[in-house]
Every structure is written in structure tokens, then in C-alpha cells.
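These are the residues of each chain, in order.
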Amino acid sequence: MAGMRALQGITVLDLTHMLSGPYGAMVLADLGARCIKVEPPGAGEGTRALLAKDRDFSRDGMGAYFLTLNRGKESICVDLKSEAGREVFYDLVRHADVVIDNFSVGVTQRLGIDHESLAKVNERIVTCSISGFGATGPDPHRPAFDQVVQAMGGGMSITGFADSPPVRSGIPHGDLGGGVFGAIGVLAALVNRQLTGKGRHVDVSMLDVQASLLNYMATMYLMSGQVPDRIGNSHFVHVPYNSFRTADGYVIVACIGDAFFEKFVEMLGRDELRDPELRKQPVRFAAKAQIEAVIHEEFAKQGNEYWLARLREARIPCGPVNDFAAALSDPQLLARNMVIEVELPGGSKVRMPGNPVKLEGCDDPAQPSPPPRLGEHTDAVLGTLPGYDKARLASLRERGVIT
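Because the structure is a prediction, the values reported are computed rather than measured.

Caption draft 1: The arrangement of the packing of aromatic side chains in detail. Applying the stated rule across the entire model yields 5 aromatic pairs. Here the aromatic rings of Y216 and F236 are separated by 6.4 Å at their centres, their planes lie at 40°, and the arrangement is tilted. Here the residue Y216 occupies a position in helix α8 (residues 206-224), and F236 occupies one in the loop between α8 and β9 (241-245), the gap between them amounting to 20 residues. Note on Y306 and W307: the rings are 4.9 Å apart at their centroids and 85° apart in plane angle, and the pair reads as edge-to-face. A residue is classified by how much of its surface remains accessible, and Y306, at 34% relative accessible area, is partly exposed. On the accessibility criterion, W307 (2% relative accessible area) is buried. Sitting above the plane of the F261 ring, R284 keeps its charged end 4.7 Å from the centroid. In this structure, R392 packs its charged tip against the face of Y388, placed 4.0 Å from the ring centre.

And the structure:
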């Protein structure tokens, strides 16, 4: 239906901070949920201060972290450490569908805002907690950030080159993966609620997510006991499958299977690769160093544009190794609203990545509302959802329960 957002009518109370939780809540907001960020009075959520005074990476007093992760959200300030603040939060929960947090394990129980407590207020509430190691197991209380779970999850051990130390992913997928699976868990719990009438708690461990992302490589190890090593940008089966330096950059070639190799040989035109034996994958893999040496030599003679045109003409999977400038100006990405513009209250505009989920018949949120000022929506939210009158709002504010 035109003008419809996929999660329209779903209200999310966002208790998150830093990266994993805010990203998961941002995904839900991008998909149309009303996302109300519940922040502590005073400085608010921690990422408000990150880069906030940096000349290059801030606008309107907000840094790139907060600008991106909190677009499309509202902000209210409630002191959850006070009894009166918790009562305010319970009143919000009565009118909400989801509560999402990424506190350390045990914090929601100490505050009295865990699923068991909130279900007494609203049995349909879905709660989601994203933490480093989950709520169960021998030691769930260990602190963890992105690189910790990248390292512990096994992914760093296969990232980099064999003769160099392990390297973390340039993208913080330890945090971002936790957020994505948090959003998936919330959506699953909302569907389950339609069947049962009751909400569920979603427990997402960032370390669990890293293990899941090992996918078929983990299965290979569990079947064989063979621990994989770092092999740079090459592949453990396919040849050629690597990054190759050209006269002015790098190009990825991904020949999966014999048919692509045959087309690649014809395109390259080097007699050394025309040996019929090389049409067999095991022979190619054994001759990987020799094959790649020939490709490196030939690719160095021309630039990226030349080789990409030749490869695409031959229908060989390929692509440039783009920097951010090239990636974020790619016509394919731009055509799919993957670079959006958010207008800020001060009148300036910020470009940032868009939403990759495109639902046919639903509006693509190409222009979300700006990230909120601290406590910008306190009166509006509390005046409409639980219906507090002006006198009650004034009393709560005077006691420091809300700001």
C-alpha cells in the first residue's frame, strides 16, 4: 500500500547505547517502527559526545555516530534509577511493543526493567538484550566490544595474509552483527506474538553471532579438524580468485568453476594458461602461484578501467577495490537510495548510508527524520502515550525524574 511503512504501528522503546544496540534499533526505525530513545537525564546516551565537537565529523553539535545511528528516532529523558522514573517507564511499556537494550548482563534485572518485570505490566511486550556473551553460559558478565568478539569468534584468525598477524575486519561487524541479529530476533518475536498473544525475550550474544557468521567454514573444520589459516584475498578452492594490482589500482577477479576460467583465459590471451590440464580445478589449484604470477604481470600493463571493461565484456565476475569515495558514488547504490540525505533542525544536511531492505509496496525511508535533540520529545511522548497532563509533567520535571 502506498504511503505504508513495513513496521508502521510498532512502538519501540530504545534503551541502547554505543553501536550494537543503536544499530539494531536504527534498522527497526528505518523499517517504519516508532522508535523512542529513552536517555538518562544529564548528558544522555554516551555516543552523543563522540565526535560532537569535531570540525569534520559533526553537525549541529552531534557527531557522526549519533547522527547516523539515531536518525528517525525520538528522545525522552527519564531517570530509570529512581522509583518514580521506573513508574514512568512502566507507563510507556503499557503502550509499547518492543524494549531493546544492550546493557551489561544483569543491569535490566537490577533496574527492574527485565522481561519478567515488564511482562507483568504488558504481557505482549517483546524485549531484546544484546550483549557480548549472552545471558547464559559460564561467564556472561565479561565486558566485550567489537574487536574482542571478532577475535574470540575465530574470524580474525583467517583475516590477513599468512605471513602477517591476524587483522580485524575494517567494518566493526562484531557490533553491527549483534545489532542486525537483534533486529531479526525482535521481528521473529513479534511474529510469534501474533500466534501466542504473548511477548518473548530475545537474548543475542555478539560472540554467538560471530560463530554463526563462520558458517560453512566452521562446518568444514568440525567435519575435518583442519584449522584454516589466513590466505589474504585468495580462495581455498577457486583459481583465479583474488585481488590483482593494475597500473592504477586493484581489481577483484572471481572465477568460480571451470567455465569462468576458460572465458578468463580467452580474455587474457596468455598462452601459458591455455594448457588443457589447467581446465581441471585440482590442477589449477596446484598451479595457483604460477597462474597468479601471469595475471599480475599482465594486469600491471593497464589500469582498472581497461581491465574491468574486458572482464565485464567476457561476463567474468569482477569489481574494483573501491575506497569510500568510489563506493558511495556508485550509480547502482545511488539508484537504490543507499546514500540518503537527512536534514537537521539547524538547516544543514548530512548524507549517510540508506536502508538496504526494499519491501515491494512499502515506502522506502529515503528521508528519515533527523536524530533528536536530548529530551526533545519528552513532553510530547509522555503527554500522548500514557497521557500525562501538564501538571504531572511539571511535577516529574521538578523532581528530576524527567528532563
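Caption draft 2: The arrangement of the sheet that holds strand β5 (residues 73-77) in detail. Taken in spatial order, the 6 strands line up as β5-β2-β1-β6-β7-β8 in an open sheet, and their pairing is parallel. Edge strands, defined here as strands with exactly one partner in the open sheet, are β5 and β8 (201-205). Strand after strand, the sheet turns through a mean of 20° between neighbouring axes, direction not considered. Bridge count for strand β1 (residues 11-14) against strand β2 (residues 34-39) is 4 bridges, and the pairing is parallel. Residue pairing across strands places T11 opposite R34, the latter belonging to β2. Sheet contacts for helix α1 (residues 20-30): β1, β2, β5, β6 (98-101) and β7 (126-131); angle to β5, the most-contacted strand, approximately 130°.

Rules of the game
Residues numbered from 1 in each chain as written. Predicted model: local features only at pLDDT ≥ 70, side-chain atom pairs only at ≥ 80, totals over all residues. Heavy atoms only, no water. Phe/Tyr/Trp six-rings, centres within 6.5 Å; stacked < 30°, edge-to-face > 60°. Helix = DSSP H or I, 4+ residues; strand = E, 2+ residues; numbered from the N terminus. Buried < 20%, exposed > 50% of the residue type's maximum accessible area, 1.4 Å probe, protein only. Lys NZ or Arg CZ within 6 Å of the ring centre and 35° of its normal. Pairing = 2+ DSSP bridges. Axes fitted to C-alpha atoms, helices over the stretch in contact; angles between N-to-C directions. Contact = heavy atoms within 4.5 Å.

Purely geometric numbers; function is a separate question.
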